[in-house]
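Geometric and topological summary
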Amino acid sequence: MSLDIREGELLAVVGENGAGKSSLMNVLYGLYQPDAGEVVLDGQPVRLKSPRDAIARGIGMVHQHFMLVPTLSVAENVVLGREPTRRGVFDVERACEEVAATCQRFGFQLEPRARVDTLTVGSQQKVEIVKALHRGAQVLILDEPTAVLTPQEADELARVMRGLVAQGRTVVLISHKLDEVLGVSSRVAVMRRGRLVTEVRAQDTTAAALSSLMVGDSHPAAAQVSTQAHAPGAVVLDAKDLKAVGDNGRPALRGVSLTVHAGEIVGIAGVDGNGQRELAEVLTGLRALESGEGTLLGGGLGRLTPAEARRRGVGHVPEDRLRRAVVKDMTVEENVALGRHAQPPFAKGPWVDFAGRRERANALLRDYDVRPPDPELPLRALSGGNQQKVVVARELDANPKLLVVVQPTRGLDIGAVAQVHARLREARARGAGVLMVSLDLEEVLALSDRVYVFFEGRVTGTFTRDAFDERELGRRMTGAEAAHG
Amino acid sequence: MGERARQALPSVLSVLLALVLCWIAIAMTRDVDTATRAYLQMFWGGVGNWPAFLDGGPVSALTRPLGEAAMKAALLTLTGLSVAVAFKVGLFNIGAQGQMILGALAAAVVGAQLNVPAVLHIPAALAAAALAGGTWSGIAAALRIRRGVHEVISTIMLNWVAVSLVDNWLVIGPLKAVAQGQQSSITGTAEILSSAQLPRLLGDLSRLNLGFPLALAAAVGVDLWLKRLRVGFETRAVGLGPEAARTAGVPVAWRTGQAMVLAGAMAGLAGAVLVLGTEGRYPGTLGAPYGFDGIAIALIGNNNPLGLTVAALVFGVLRAGGTRMQLLGVHKSFPELIQGLALLFVAGRLIWLAVLRRRTRPSVAPAAPVVEVPRA
């Protein structure tokens, strides 16, 4: 495939997972070598053998998974690998000054001395961008940059990108979010199955047109919003005044009360890092409760362990897929069994039931359209979207009474997002209570019957479906309630 | 099978390369003829002297070398298993040596002090050894789980504690054999009773004893445990993805502790096989550092119970035959040198894999993420 990137433009590359967007960008960044073909930069054919080559030639990349050292400061992360020194010793002061200068030049507001792990995801991303700019990047590649951002942060990022282009830099944006792409980019390249399908000027197209170009004819259009009536059943979760401490030792939940009924989807909206993750961890037995009480499927919350939560019928689609949801070096079928490996059809007494496991795995792979549908492959060989399908398939197959899902569609393509959403609605229709934490406000509004807004470990607002108000929700997400008393 | 062969290939190539390099080393310091004859001596000394046998020699020309090789292989298999089992939960057991010392001592004490028939005596001595080794590694496991002490540090230190405790005190002090009659200069603990001796499988033809099938059975048992049992599945999950295992409801600390204790038990059994099978008592010191050899064997065997058994058999043969190299004035430590070099090459296994991958590029799964750093 061929693709031209022009100087000073904001090019968006869109396509489904596995369409080859990331592979293409990894070639440009020197991580992969092309089997055939060449990269021409400023009229010169270049061989990019490593990211080092790419950086030297002014190409910078911000990965979907950030490559930052969490315990180092912003400045230290930015200069890492080309540290300023004084008499052979790392000069922290100069590093901070240099980084502050770069931030000012491009209009970023970052405190060079702040430790990266104390920053929000949006700020961490800015650190990544500053890092690339600091190394003299003329062409900046952003891989799925808005996947983890709040609407406000995404708007901020769009401003940053426009600013960079205005200063003559070139930005390549890889994304699934078509509305955003159209809002910010000047040109859009659509990829499908490793080929460039078309290039269009952003003002000449619509999200719907792009979407059908992306998926070809293989998928139905993005699923419609459920119009099913909200008819909640028995209470599956009733929590009062939950308090818990986060990983950094600071209070993460400061008195949260909420209920979830059977047959409803309850959304948790909020900016990242306001206690949503910790709530999900408390409910799945992964984090100890400091105080507060609650009933979860007929038991308390005080001494909940992951095993006990599963026994009671809690399903869990965790946020950090590769760390929490799957073991990437085990096979797909082993991952299908994970968590339920002690029950039939995955076990016979103390033994692993290989035949039963294979049969169930095959059925689920078919049912959830996992590609390739090979249960013996190591899980890491699947794309992110297909890995997530495996996780969702596994958790729903257990027929949970309460399903806790966190960021269920982060980084997935349209087809996979629609499928995951449909499955969540299916679980709701079957009578499961679904608690969904998502940083994607659109997703929360599309799926939820009720929404709790989190800010700094407290509930700052509750909304029901008939009274959704996006602006008001957004204000509560930034703690407006306190201002209004 | 294709997959298995592909995984074994780097190890096989590493061992062959080490053999070639050592041959060159001998050839350069002596001459080509000596190097070749030394290798033949080593080979026949390990797999049995077939030329002599076919020339009408006694059966023992075959059985003696094979028995020696098998006994060395049994010890290497058990210590290799010890290291590999700990690896399965992501722990690096450097302490097989210390665990083996404790196991050997326990076997020697039970073997000498308990007076029961062989059917009870041998299992009791073996169990005592496994328990002692497991206790020793259990200390490291407890420190790791409860206090977060890194197992590499704690197992190394426990090795020294074991040497000090056993070799430098118990064996020359409280447990020292009481000299009887003309035997006034024996070292080590009292001789074990005949009821505790592992029976020799070929009578006087070789020193091959029950220890060898015991080691093979242990390897098969560990393999079954890991692959077929639910708890083995959990154990592997803990090693490959501890957070995912915890999220899935696996008792991570418990499985980690189990694996580490089992690792110690394997090393303890190695000590028992040495004492009950060949030494007959806890000698003044344990002699060869089989516990450390276990690290090499486990890595060359890819941390796979059956793979490491094959590696143990190969090096058992080389070790047993190595002594015969001395007939030609070549030092008997060459087999250890070969083992060390092979380990070095296996450690560079990623390079092997990269070379192989380049050859077979079309079959590689597409677009596997090259670099992926999860955020903290």
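Parameters at a glance
- Residues numbered from 1 in each chain as written.
- Chains lettered and ligands numbered in written order.
- Predicted model: local features only at pLDDT ≥ 70, side-chain atom pairs only at ≥ 80, totals over all residues.
- Heavy atoms only, no water.
- Pairing = 2+ DSSP bridges.
- Helix = DSSP H or I, 4+ residues; strand = E, 2+ residues; numbered from the N terminus.
- Contact = heavy atoms within 4.5 Å.
- Buried area = accessible area lost by both parts, 1.4 Å probe.
- Salt bridge = Lys/Arg side-chain N within 4 Å of Asp/Glu carboxyl O.
- Nonpolar A, V, L, I, M, F, W, Y, C, P; charged D, E, K, R; others polar.
- Buried < 20%, exposed > 50% of the residue type's maximum accessible area, 1.4 Å probe, protein only.
- Right-handed = clockwise from strand over helix to strand, strands pointing away.
- pLDDT = per-residue confidence, 0-100.
- Domains from an automatic or database assignment.
- Patch = residues over 30% accessible without salt bridge, like charges linked within 9 Å, V, L, I, M, F, W, Y side chains within 5 Å.
- Areas by Shrake-Rupley, 256 points an atom, 1.4 Å probe, with all protein chains shown as cover.
- Axes fitted to C-alpha atoms, helices over the stretch in contact; angles between N-to-C directions.
- Parallel < 35°, antiparallel > 145°, perpendicular 65-115°, else oblique.
- Core = buried A, V, L, I, M, F, W, Y, C linked by side-chain atoms within 4.5 Å.

Quick notes on the sheet that holds strand 12 (residues 251-261) of chain A
As summarised here, the arrangement of the four strands in space is 12-11-14-15 (chain A), forming an open sheet in which the pairing is antiparallel. Two strands lie at the open edges of the sheet, namely strand 12 and strand 15 (299-300) of chain A, each paired on one side alone.

Focus on the interface of chain A and chain B
Residue-level contacts link 41 residues of chain A with 28 residues of chain B. Roughly 3200 Å² of surface becomes buried between chain A and chain B when both sides are summed, with 62% attributable to carbon and sulfur atoms. Here chain A is connected to chain B by two salt bridges. Its salt-bridge partner being E334 of chain A, residue R236 of chain B comes within 2.7 Å of it at the nearest N-O pair. Residue assignment for the side of chain A that touches chain B shows that the elements contributing at least two residues are helix 5 (121-134), helix 10 (306-312), helix 11 (321-325), helix 12 (332-337), strand 18 (351-352) and helix 13 (354-367) of chain A. Here the side of chain A that touches chain B gets four residues from one element, more than from any other, and that element is helix 11 of chain A. Residue composition of the side of chain A that touches chain B, by class: 24 nonpolar, seven polar and 10 charged.

Focus on the pairing of strand 19 (residues 402-406) of chain A
All names here are of chain A. Of all the five residues making up strand 19, five are buried; the element is thus mostly covered by neighbouring parts of the structure. Residues L402, V404 and V406 line one face of strand 19 and the alternating positions L403 and V405 line the opposite face, and both faces are buried. Here strand 16 (residues 314-317) runs beside strand 19; their pairing, made up of four bridges, is parallel. Bridging from a neighbouring strand, H316 pairs with V404 of strand 19. As judged from the five bridges shared by strand 19 and strand 20 (residues 433-437), these two strands associate in the parallel manner. Paired with V404 across the two strands is L435, which belongs to strand 20. Note that the unit made of strand 19, helix 15 (residues 414-429) and strand 20 has a crossover that is right-handed.

Digging into the confidence of the model for chain B
All names here are of chain B. For chain B, the average pLDDT comes to 87, and 90% of its residues sit at 70 or higher. The weakest mean pLDDT in chain B belongs to helix 15 (residues 349-359) at 66; the strongest belongs to helix 8 (residues 211-228) at 96. Contacts of residues 361-376 to residues separated by more than four positions or lying in other chains number 22 contacts, the stretch itself having pLDDT below 50.

Details of the pattern of salt bridges
Going through the model one piece at a time under the given rule, you end up with 40 salt bridges over all chains. Measuring nitrogen to oxygen at the nearest pair gives 3.4 Å for the salt bridge that ties R323 of chain A to D320 of chain A. Look at D320 of chain A and you get partly exposed, because its relative accessible area is 27%. Several salt bridges converge on common partners, so that one network encompasses D247, E281, R287 and R324 of chain A together with E243 and R246 of chain B.

Describing the confidence of the model for chain A
Do not read the fine detail of predicted coordinates wherever pLDDT is low. Looking at chain A, pLDDT values average 84 and 94% of them are 70 or higher. Confidence drops under pLDDT 50 across residues 218-226 of chain A; counting only partners more than four residues distant or on other chains, this segment forms 13 contacts.

Points about the domain arrangement of chain A
By the assigned domains, chain A splits into domain 1 (10-215) and domain 2 (235-484). Using C-alpha coordinates to define each centre, domain 1 of chain A is positioned 30 Å away from domain 2 of chain A.

Quick notes on a nonpolar patch on the surface
Residue and element names in this part refer to chain B. Residues L17, V20, L21, I24 and M28 make up a contiguous nonpolar surface patch of about 440 Å² in total accessible area. Position of L17 among the secondary structure elements: in helix 1 (residues 2-29). The partly exposed category is assigned to L17, whose relative accessible area is 33%.

A word on the sheet that holds strand 1 (residues 10-15) of chain A
Residue and element names in this part refer to chain A. Strand order in this open sheet of six strands is 4-7-8-1-9-10, and the pairing throughout is mixed. Only two strands of the sheet have a single neighbouring strand rather than two, namely strand 4 (59-62) and strand 10 (195-201). Recorded for the sheet is a direction-independent mean angle of 20 degrees between the axes of neighbouring strands. As judged from the four bridges shared by strand 4 and strand 7 (residues 139-143), these two strands associate in the parallel manner. Each residue of the ladder has a partner; that of G60, found in strand 7, is L140. Lying over the sheet, helix 1 (residues 21-28) contacts strand 1, strand 4, strand 7, strand 8 (170-175) and strand 9 (187-192), oriented at roughly 140 degrees with respect to strand 1. The strands touched by helix 5 are strand 4 and strand 7; relative to strand 4, the strand with the most contacts, the crossing angle is about 170 degrees.

A closer look at the side chain of T331 of chain A
Residue and element names in this part refer to chain A. Within the element layout of this structure, T331 appears in the loop between helix 11 and helix 12. Taking the relative accessible area as the measure of exposure, T331 reaches 19% and is therefore buried. Discounting chain neighbours no more than four positions away, the residues touching T331 are P375, E376, L377, P378 and L379.

Quick notes on the packing of helix 13 (residues 305-322) of chain B against helix 14 (residues 334-347) of chain B
Residues and elements named next belong to chain B. Direction vectors running N to C along helix 13 and helix 14 enclose 150 degrees, while the axes themselves pass 8 Å from each other. By the angle between their axes, helix 13 is roughly antiparallel relative to helix 14. Of the residues in helix 14, those in contact with F315, L318, R319 and G322 of helix 13 are P335, E336, I338, Q339 and A342. The class makeup of the residues in the contact of helix 13 with helix 14 is five nonpolar, two polar and two charged.

Description of the nonpolar core
L78, L276, Y282, F315 and I338 of chain B are the most contacted members of the largest nonpolar core, which has 150 residues in total. Counting residues per element, this core draws most heavily on helix 11 (residues 252-279) of chain B, which supplies 14 residues. Every residue in contact with F315 of chain B, bar those within four places of it in the chain, is listed here: V15, L76, I297, I300, P335, I338, Q339 and A342 of chain B. Residues F108, V121, V130 and A137 of chain A belong to the second largest nonpolar core, which totals 38 residues.

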